[in-house]
Amino acid sequence: QVQLVESGGGSVQAGGSLRLSCVVSGSIYKINRMGWYRQAPGKQRELVATITSGGSTNYADSAKGRFTISRDNAKNTVYLQMNSLKPEDTAVYYCNYNAEILGVSYWGQGTQVTVSS
């Protein structure tokens, strides 16, 4: 089992910044992919960004140039730095741990991000 705990959400005005953190604990396989996803009211959950244990990153077009995903493997923590936030970034943000070789995927409980205009 793997547990994920997100933090760092909140309310900001458009143009502001937030940094999300996700601490992972439990039976962590060293080769994995961590990611941030978000779900706005009435919409499907969508990818924001992912990062592999080797440091390779992938971003949704909406996140490119504004968001940065990073990880500290020693602390089992993944971060999402969000700058130039827009009202359309308002959503619940979920952290994901995926160990494809084991066929397992776990989700955090989510953290709310609200951006006002």
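What counts and how
- Every chain is numbered on its own, with residues counted from 1 as its sequence reads.
- In keeping with the model being predicted, local features are shown solely for residues with a pLDDT of at least 70 and side-chain atom pairs are shown and tallied solely at 80 or more, while totals for entire chains, interfaces and linings include all residues.
- Values reported for side chains reflect all heavy atoms of the structure, with hydrogen atoms and water molecules removed beforehand.
- We call a pair of cysteine sulfur atoms a disulfide whenever their separation is within 2.5 Å.
- Secondary structure counts use DSSP, requiring at least four H or I residues in a row for a helix and at least two E residues in a row for a strand, with both numbered from the N terminus.
- Exposure classes here rest on a 1.4 Å probe applied to the protein chains alone. A residue is buried below 20% of its type maximum, exposed above 50%, and partly exposed in between.
- Polar contacts, as used here, are pairs of N or O atoms within 3.5 Å; protein pairs need one atom able to donate a hydrogen and one able to accept it. Residues neighboring in sequence count only if both atoms are side-chain atoms.
- Whether two residues are in contact is decided by their heavy atoms, any of which lying within 4.5 Å being enough.

Visitor: Got a minute to help me understand the state of the cysteines in this structure?
Guide: In a disulfide, the sulfur atoms of two cysteines are held together by a covalent bond. Considering all chains together, one arrives at 1 disulfide under this definition. At a sulfur-sulfur separation of 2.1 Å, the disulfide partner of Cys22 is Cys95. Given an S-S torsion of about -90 degrees, the disulfide between Cys22 and Cys95 has left-handed geometry. Here the residue Cys22 occupies a position in strand E3 (residues 18-26), and Cys95 occupies one in strand E9 (residues 91-99), the gap between them amounting to 73 residues.

Visitor: Quick question: what am I supposed to make of the side chain of Asn96 here?
Guide: Following the sequence through the fold, Asn96 ends up in strand E9. On the accessibility criterion, Asn96 (5% relative accessible area) is buried. A distance of 2.9 Å separates a polar atom in the side chain of Asn96 from a polar atom in the side chain of Ser105. A polar contact of 3.0 Å, which involves the side chain of Asn96, links it to the backbone oxygen of Tyr106. In contact with Asn96, other than residues within four places in its own chain, are Leu4, Arg33, Met34, Gly35, Tyr37, Ser105, Tyr106 and Trp107.

Any functional reading would require information beyond the geometric quantities listed.
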